[in-house]
Amino acid sequence: MIDGAHLRPAEATDPALVALTTAQQSELAALYGDDQPLVTPHPDTAFTLLLVDNAPVGCIGLQPVTADLGEIKRLYVEPSSRGWGLSRLLLTHLESQARAQGLTTLRLETGPEQHAAIALYTRHGYHPIPAYPPFEHEPASRCFAKQLS
């Protein structure tokens, strides 16, 4: 793990989480426009904050879909903290969390302009899948899934 980095659970209303997800939505609006649908995570989504030297720099959420399927929500690392492998740290943590809950598959939605995100997911064994609701009619959606072993 990166020196000074630690992970902690966070409620959806945690101000640090809200600040990070708001920043993420601003970045997405700059890429795709303000008319993109904002999908609110399910209330059962388990969020994790990533802190470096006690400053929140990233987040990720695991949303249950079915007994064996989970969805990755709000994976984000703030721009000045990118390039250190923090997204990989968050993703690896979430996959371990999913396995511990008995999930066998993870899925996610991202966009075609999020090249670093697509590269991260494909490097970690995620494969393209057809868009799933509510993204099936969204031309800027790219969906991926991974079977957990």
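Here the structure is shown first, and the text comes after it.
We now turn to the structure provided with this report.

Here we take up unusual backbone geometry. In this model, P133 is joined to P134 through a cis peptide bond whose omega is 5°. Relative to the helices and strands, P134 resides in the loop between β6 (127–129) and β7 (142–147). The phi angle at D53 is positive, at roughly 50°, despite the residue not being glycine. Although it is not a glycine, R74 sits at a positive phi angle of roughly 60°. Secondary-structure assignment places R74 in strand β4 (residues 69–77). Accessibility expressed as a relative area gives 16% for R74, which makes it buried.

Next up on the list: the layout of surface pockets. Here the idea is plain: a probe the size of a water molecule rolls over the atoms and shows the empty space left. Taken as a whole, the largest pocket spans an internal volume of roughly 1,100 Å³. Around the largest pocket sit 45 residues that line it, and Q24, L28, L75, T110 and Q114 are the ones nearest its centre. For the lining of the largest pocket, the elements supplying multiple residues, two or more each, are α1 (15–32), β4, α2 (86–100), β5 (105–110) and α3 (115–123). Per-class residue counts for the lining of the largest pocket are 22 nonpolar, 13 polar and 10 charged. Considering only enclosed or pocket space, the second largest pocket measures out at about 280 Å³ in volume. In terms of lining residues, the second largest pocket is bounded by 15 residues, among which A12, T21, P41, F47 and R74 are the most central. It is α1 that provides the largest number of residues to the lining of the second largest pocket, a total of 4 residues.

Calculation criteria
- All residue numbers here refer to positions counted from 1 along the written sequence of the relevant chain.
- Local features are withheld for residues below a pLDDT of 70 in this predicted model, meaning they are given only at 70 or higher, and side-chain atom pairs are given and counted only at 80 or more; totals for whole chains, interfaces and linings count all residues.
- Remark: hydrogens and water are excluded; side-chain values derive from all non-hydrogen atoms of the structure.
- For helices the rule is a DSSP run of H or I covering at least 4 residues; for strands it is a run of E covering at least 2, with both sets numbered from the N terminus onward.
- Note on exposure labels: buried denotes an accessible area under 20% of the residue type's maximum, exposed denotes more than 50%, and partly exposed covers the range between, all computed with a 1.4 Å probe on protein chains only.
- In this analysis the probe radius is 1.4 Å and the grid spacing 1 Å, with only protein atoms considered; a cavity is a set of points the probe fits into but cannot get out of, a pocket is an open set with protein on both sides within 12 Å along at least five of seven lines, and lining residues have an atom within 4 Å of a point.
- Grid points are joined across faces, edges and corners, and a volume is the space filled by probe spheres set on the points.
- The classification used treats Ala, Val, Leu, Ile, Met, Phe, Trp, Tyr, Cys and Pro as nonpolar, Asp, Glu, Lys and Arg as charged, and all other residues, Gly among them, as polar.

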